[in-house]
Amino acid sequence: MAEIDVVLGDITEQRVDAIVNAANESLLGGGGVDGAIHRAAGPGLAEAGAAIAPCAPGDAKATPAFDLAPVRHVIHTVGPVWAGGGHGEADTLASCYRRALLVADELGADSIAFPAIATGVYGFPTAQAARIAVATVRATPTNATRITFVAFDEDTHAALTAALDG
Ligand code: APR
């Protein structure tokens with residue numbers, strides 16, 4: 001059973017085997033955490049992403065982590081754009097966490113860091129997203145021994161902490 005925790009910080013500074021990126025379908029980079037990861041990994045990340053794009057919402061695809069070493073892998077996943085909650089957004093978000101863990105297992109990653117997928121530009125309500133994230137990670141078999149949720153702000157940290165304690 002993996003140890004699951006939440007930290008307040010920058011996912012590009014986490015010392016883990018794999019970090020998960022909240023990407024868009026092109027895998028070419030963008031703003032938010034996607035932009036931060038691409039800036040830290042260098043131009044090779046966009047080249048590797050383009051070679052395996054597109055990534056459908058709810059799916060997850062891995063590339064090397066390039067300049068993010070000692071991180072070995074970036075697992076790109078595409079969250080749902082929030083459209084009020086009646087368009088399968090919750091299921092798509094759960095799929096992001098589930099598929100990312102399955103890809104991490106295929107890679108043999110022992111430690112994984114997740115951002116709060118879809119809660120920024122894509123507008124998914126933070127508290128609901130946190131509950132989905134924690135429930136899905138807890139319900140997905142994994143060989144990883146350490147899973148870290150990385151909150152970039154206090155509200156997200158509080159939401160993830162509440163979900164973990166709930
Ligand atoms: N480390 C950890 N978390 C971060 C970082 C960082 N360096 N930068 C931003 N975040 C947080 C945001 O504060 C938010 O809580 O990541 C969470 C997800 O927000 P976004 O990055 O906006 O991702 P998302 O809502 O999934 O939207 C994805 O935005 O950047 C574009 O190309 C991306 O089109 C895609 C869309």
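Position numbers for residues start from 1 in each chain and track the written sequence from start to end. For this predicted model, a pLDDT threshold of at least 70 governs which residues receive local features, and a threshold of 80 or more governs which side-chain atom pairs are given and counted, while totals over whole chains, interfaces and linings are taken from all residues. To obtain the side-chain values, all non-hydrogen atoms of the structure were included, while hydrogens and water were left out.

(A) Main features of the packing of aromatic side chains. Stacked, tilted and edge-to-face pairs are distinguished by plane angle, under 30 degrees for stacked and over 60 for edge-to-face with tilted covering the rest, among Phe, Tyr and Trp rings (Trp via its six-membered ring) whose centres lie within 6.5 Å. The tally for this structure, following the rule as stated, stands at 4 aromatic pairs. Ring geometry for Tyr97 against Phe149: centres 6.3 Å apart, planes inclined by 65°, an arrangement best described as edge-to-face. With a gap of 52 residues between them, Tyr97 in helix α3 (residues 89–107) and Phe149 in strand β6 (residues 146–151) connect regions that are remote in the sequence. The residues Tyr97 and Phe149 share a single accessibility class, namely buried. Each ring, one from Phe114 and one from Phe149, has its centre 6.0 Å from the other, and the planes form 35°; the classification is tilted. Taken as a pair, Phe114 in strand β5 (residues 111–114) and Phe149 in strand β6 lie far apart in primary sequence, 35 residues in all. Taken together, the aromatic side chains of Tyr97, Phe114 and Phe149 make up a single cluster linked through ring pairs. Note on conventions: DSSP H or I runs of at least 4 residues are helices, E runs of at least 2 residues are strands, and numbering of each starts at the N terminus. The cut-offs for exposure are 20% and 50% of the maximum accessible area for each residue type, with area from a 1.4 Å probe on protein chains only; residues under the lower value are buried, those over the upper are exposed, and the others partly exposed.

(B) Region of interest: the pattern of salt bridges. When a carboxyl oxygen of Asp or Glu is within 4 Å of a side-chain nitrogen of Lys or Arg, the pair counts as a salt bridge. Scanning all chains against the criterion turns up 2 salt bridges. Residue Arg72 pairs with Asp17 through a salt bridge whose shortest N-O separation is 3.7 Å. Of this pair, Arg72 sits in the loop between β3 (60–64) and β4 (73–78) while Asp17 sits in the loop between β1 (3–8) and β2 (18–23); the two residues are 55 residues apart in sequence, bridging distant segments of the chain. A residue is classified by how much of its surface remains accessible, and Arg72, at 41% relative accessible area, is partly exposed. In this structure, Asp59 and Arg99 form a salt bridge, with 2.9 Å as the shortest nitrogen-oxygen distance. On the criterion of sequence distance, the pair formed by Asp59 in the loop between α2 (44–52) and β3 and Arg99 in helix α3 is long-range, its members being 40 residues apart.

(C) Highlighting α2. Among all positions in α2, only Gly44, Leu45, Ala48 and Gly49 are buried. Looking straight down α2, one finds that the buried residues subtend no more than 135° of arc, so they occupy a single side. Turned more than 90 degrees away from the buried face of α2 sit Glu47 and Ala51, all of them exposed. We call two residues in contact whenever any of their non-hydrogen atoms come within 4.5 Å of each other. Its buried side turned inward, α2 meets α1 (32–41), β3 and β4. Directions drawn from the helix axis to the C-beta atoms are what define this arc.

(D) Spatial organisation of the pairing of β5. The alternating pattern of β5 places Ser111 and Ala113 on one face and Ile112 and Phe114 on the opposite face, and all of these are buried. Two strands pair under a simple rule: DSSP has to find at least two bridges between them. Taken together, the 4 bridges between β5 and β6 define a ladder with parallel strand orientation. Note that in β6 the partner of Ser111 across the bridge is Arg146. Here a crossover is taken to be right-handed if, once the strands point away from the viewer, the path from the first strand over the helix to the second is traced clockwise. At this point the chain moves from β5, through helix α4 (residues 126–139), to the parallel β6, and the crossover so formed is right-handed.

(E) Fine view of the packing of α4 against helix α5 (residues 154–165). Axis definition: a line fit to C-alpha positions, over the contact stretch in the case of helices; interaxial angles, taken between N-to-C directions, run 0 to 180 degrees. Close contact between α4 and α5 brings their axes to 8 Å; oriented N to C, the two are set at 45°. Put simply, α4 runs oblique to α5. Between α4 and α5 lies a crossing whose hand is right-handed. Residues Thr126, Ala127, Ala130, Arg131, Val134 and Arg138 of α4 pack against Asp155, Thr156, Ala159, Leu160, Ala163 and Leu164 of α5. Throughout this entry, Asp, Glu, Lys and Arg are counted as charged residues, while Ala, Val, Leu, Ile, Met, Phe, Trp, Tyr, Cys and Pro are counted as nonpolar. The remaining residues, Gly among them, count as polar. For the contact of α4 with α5, the class distribution of residues is 7 nonpolar, 2 polar and 3 charged. Here the word oblique covers every angle except those under 35 degrees (roughly parallel), over 145 (roughly antiparallel) and from 65 to 115 (roughly perpendicular). Take the far helix as the reference: if the near one is turned anticlockwise from it by less than a right angle, the crossing is left-handed, and if turned clockwise, right-handed.

(F) Focus on α4. For α4, built from 14 residues, the straight-helix expectation of 20 Å at 1.5 Å per residue is met to within 8% by its first-to-last C-alpha distance of 20 Å. Every buried residue belonging to α4 is among Ala129, Ala130, Ile132, Ala133, Val134, Thr136 and Val137, and all of these are buried. Contacts made by the buried residues of α4 are with β1, α3, β5, β6 and α5. In a helix, the anticipated span is given by 1.5 Å times the number of residues less one.

(G) Quick peek at the nonpolar core. In these notes, a set of buried Ala, Val, Leu, Ile, Met, Phe, Trp, Tyr and Cys residues joined through side-chain atoms within 4.5 Å is what counts as a nonpolar core. With 34 residues, the main nonpolar core has Ile75, Leu93, Tyr97, Ile112, Phe114, Ile117 and Phe149 as its most contacted residues. Where this core is concerned, the elements lending two or more residues are β2, α3, β5, α4, β6 and α5. Discounting residues that sit within four places of it in the chain, Phe149 has contacts with Ile4, Asp5, Val6, Val7, Tyr97, Phe114, Ala133, Val134, Val137 and Leu160. Residues Ile11, Ile37, Leu45 and Val71 belong to the second largest nonpolar core, which totals 12 residues.

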